[in-house]
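# Structure at a glance
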Amino acid sequence: MIGIISDSHDNLTAIRKAVEFFNKKQVKAVLHAGDVVSPFTARAFKELSPKLYFVFGNNDGDKVTLTKWFDEIGAVSCGEFGDLTIDGLHIALLHGTNEALVKALARSGDFDVVVRGHTHDPGVKMIDGTPVINPGECSGVLSGKATVAILEIANLNVEIMELEIY
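This write-up is about the structure you can find in this document. (Residues numbered from 1 in each chain as written. Predicted model: local features only at pLDDT ≥ 70, side-chain atom pairs only at ≥ 80, totals over all residues. Heavy atoms only, no water.)

## Looking at the overall build of the protein
Check the secondary structure of the protein and you find 4 helices and 11 strands. The C-alpha radius of gyration of the protein comes to 14 Å, within 12% of the 15 Å expected for a compact globule of 166 residues. Taken along the three principal axes of its C-alpha coordinates, the protein extends 40 × 30 × 30 Å. Partitioning the contacts of the protein with sequence separation of at least 6, the portion at a separation of at least 24 is 55%. (Helix = DSSP H or I, 4+ residues; strand = E, 2+ residues; numbered from the N terminus. Rg over C-alpha atoms; globule rule 2.2 N^0.38 Å. Contact = heavy atoms within 4.5 Å.)

The following block contains the structure:
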C-alpha cells in the first residue's frame, strides 16, 4: 500500500492525523502531491515511518528551506515532478496546476498511475485506462473535510479516507 496526501497547507493537526493513519496502515511509502506550504511542517511529518516523497505546489514558497528541512527528516524532494517506481509501480507525482499536463501524463502510457493534488477534490478519474488519483485536501480548509488516500499496489484499488481533525 502507498499513502497519498496533498494540500496539507500548514495544518499541523491534520498532518499529525495523516501521519498516525499512514503509520497504522503500515504503508510502504507516502506521496505528497504538493502545497505543504511552510518548512516548519517537517516537524509534524517527522514521526512518519515510511519514506515520504513530495513535490512542490503553487503555494510552496521557500522551496530551498522546505527541501532542506524535509531532507533532514529523510524525505525526498522531487521538485516540480516525481517520476517514481515503487514495487514495480511506475508513478507520476505532480501538484496538478496544469490540467493539460495531468491529462498528457495519463495518456502517455508511461505511467501506471498519476498522483496529483491542487483541486482539493478527492477521487480517481480514469484517463485512457490510467488512474489519476487526487487524495483531496489533508488540511480541510476549503471543503471542511480532511482526506487522504491509500493505493493498493497489487490491484490499483484506491480508498479515500476522511480524517477526524475537528
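## Brief notes about the layout of surface pockets
Roughly 180 Å³ of volume is contained in the largest pocket. Taken together, 13 residues line the largest pocket, and the ones lying closest to its centre are Arg116, Asp121, Lys125, Val132 and Asn134. Examining the composition of the lining of the largest pocket, we find that 4 residues originate from one element, strand β8 (residues 123–127), more than from any other. (1 Å grid on protein atoms, 1.4 Å probe; cavity = no way out; pocket = protein on both sides within 12 Å on 5 of 7 lines; lining within 4 Å. Points joined across faces, edges and corners; volume = space filled by probe spheres on them.)

## Considering the sheet that holds strand β4 (residues 76–77)
Pairing within the open sheet is mixed, and its 6 strands lie in the order β4-β3-β2-β1-β10-β11. Single-partner strands in this sheet number two, and they are β4 and β11 (158–163). Two elements, strand β2 (residues 29–32) and strand β3 (residues 51–54), share 4 bridges in a ladder whose sense is parallel. Residue pairing across strands places alanine 29 opposite lysine 51, the latter belonging to β3. With respect to the sheet, helix α1 (residues 12–25) is in contact with β1 (2–5), β2, β10 (146–151) and β11, its orientation differing from that of β10 by roughly 25 degrees. (Pairing = 2+ DSSP bridges. Axes fitted to C-alpha atoms, helices over the stretch in contact; angles between N-to-C directions.)

## A short note on the sheet that holds strand β6 (residues 89–94)
Here 5 strands make up an open sheet; going across it, the order is β5-β6-β7-β9-β8 and the pairing mixed. The open sheet is flanked by β5 (81–86) and β8, the only strands paired with a single partner. Within this sheet the neighbouring strands show an average axis-to-axis angle of 25 degrees, counted without direction. In terms of strand pairing, β6 meets strand β7 (residues 113–115) through 3 bridges, oriented parallel. Each bridged residue has a counterpart across the sheet, and for isoleucine 91 the counterpart in β7 is valine 113. Against the sheet, helix α4 (residues 99–107) makes contact with β5, β6, β7, β8 and β9 (130–134), and its axis sits at roughly 175 degrees relative to β6, the strand it touches most.

## Here's the deal with the environment of glycine 109
Its location among the elements puts glycine 109 in the loop between α4 and β7. You can call glycine 109 exposed: its relative accessible area is 62%. Counting along the chain gives 31 residues from glycine 109 to glycine 140, while the straight-line C-alpha distance between them is 33 Å. (Buried < 20%, exposed > 50% of the residue type's maximum accessible area, 1.4 Å probe, protein only.)

## Remarks on the packing of aromatic side chains
The tally for this structure, following the rule as stated, stands at 5 aromatic pairs. One aromatic cluster in this structure is built from Phe45, Phe54, Phe56 and Phe70. (Phe/Tyr/Trp six-rings, centres within 6.5 Å; stacked < 30°, edge-to-face > 60°.)

Nothing here speaks to function; it is geometry throughout.
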